Amino acid sequence: MTSPPAAPHDDPGQEEFRALLHAQRVWDHPLPSFDPDSAPDAPLPLFHRWFADAVAAGQPEPHTMSLATAGEGDSAPDVRIVMLHDADERGWHFATHSTSAKGRQLAARPEAALCFYWPALGRQIRIRGRVAALGATESLADLHARSTGALAAALTGRQSAPLPDLATLAEASRAAWRRAESDPEAPVPTWTRYVLTPDEAEFFQGDAARRHIRLRYTGPAPGWTRTLLWP
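Remember, it's a predicted structure, so these values are computed and weren't measured experimentally.

## A few points about the side chain of R193
Piece 1. Mapped onto the elements of the fold, R193 is located in strand β7 (residues 191–205).
Piece 2. The class for R193 is buried, based on a relative accessible area of 10%.
Piece 3. For R193, the side chain forms a polar contact with the side chain of D142, separated by 2.8 Å.
Piece 4. When residues no more than four places from it in sequence are discounted, the contact partners of R193 are H85, D86, H93, F94, A95, A132, A133, L134, S139 and D142.

So this is what it looks like as structure tokens:
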């Protein structure tokens, strides 16, 4: 068994960091209430409701989420922030290159977890399930419905591959922008839209007194089961 690394001798920089860290606070503003008994029978309607609440509360970038996958070969966990593209009866949608690190991980093990965190409301949502790649038609339609910048980014280089230097990135980006502006329907064969079909979803409502409410949905067949969890 590997032993944990020994604690290093503290230096002034470490002490300064700890003081700054420990001075931080969360939820120093009123938080909404949540009655789990009034929650719908399935997680999707509640997600739609909470997302609308986050937008109304001025939560910055409420459509961003953490996406966790299992690494290639060693199955080590991996996580990054991505953008939500839709949430419908099929599941929660996002997109990336099939050749990226997360694309390769999903090809090897098509399971993932999502996490949304909206501190303006003291809320987070965790979702786990199977992931499927959608077809080329829907994937490219997804990309071409977005901004010119999104298309340019998709046309730039090979996501997750080693980059020799920033000058190479700058040149590739300029070329990609020129292509995106002149050909807004440019094909990007590796761009793939994915959908995570949930088998578990948890809704967490924070409470200033630390009496957090956690409602977990498990299912879906033959129907969703709702369970309260200790915080």
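## A short note on unusual backbone geometry
Piece 1. Between G219 and the following residue, P220, the backbone shows a cis peptide bond with an omega angle of 0 degrees.
Piece 2. With respect to the helices and strands, the residue P220 is situated in the loop between β8 (213–218) and β9 (225–229).
Piece 3. Backbone geometry places E61, a non-glycine residue, at a positive phi of 45 degrees.
Piece 4. Residue position: E61 is located in the loop between α2 (43–56) and β1 (64–70).
Piece 5. In this model, S160 sits at a positive phi of 80 degrees, which is unusual for a non-glycine residue.
Piece 6. Its place among the elements puts S160 in the loop between α5 (148–155) and α6 (166–182).

## Section: the environment of R146
Piece 1. Mapped onto the elements, R146 comes out in the loop between α4 (136–144) and α5.
Piece 2. With residues near it in sequence (within four places) discarded, R146 still touches M83, H85 and W191.

Cut-offs applied
Residues numbered from 1 in each chain as written. Predicted model: local features only at pLDDT ≥ 70, side-chain atom pairs only at ≥ 80, totals over all residues. Heavy atoms only, no water. Helix = DSSP H or I, 4+ residues; strand = E, 2+ residues; numbered from the N terminus. Buried < 20%, exposed > 50% of the residue type's maximum accessible area, 1.4 Å probe, protein only. Polar contact = N/O pair within 3.5 Å; in protein donor to acceptor, adjacent residues only side chain to side chain. Contact = heavy atoms within 4.5 Å.

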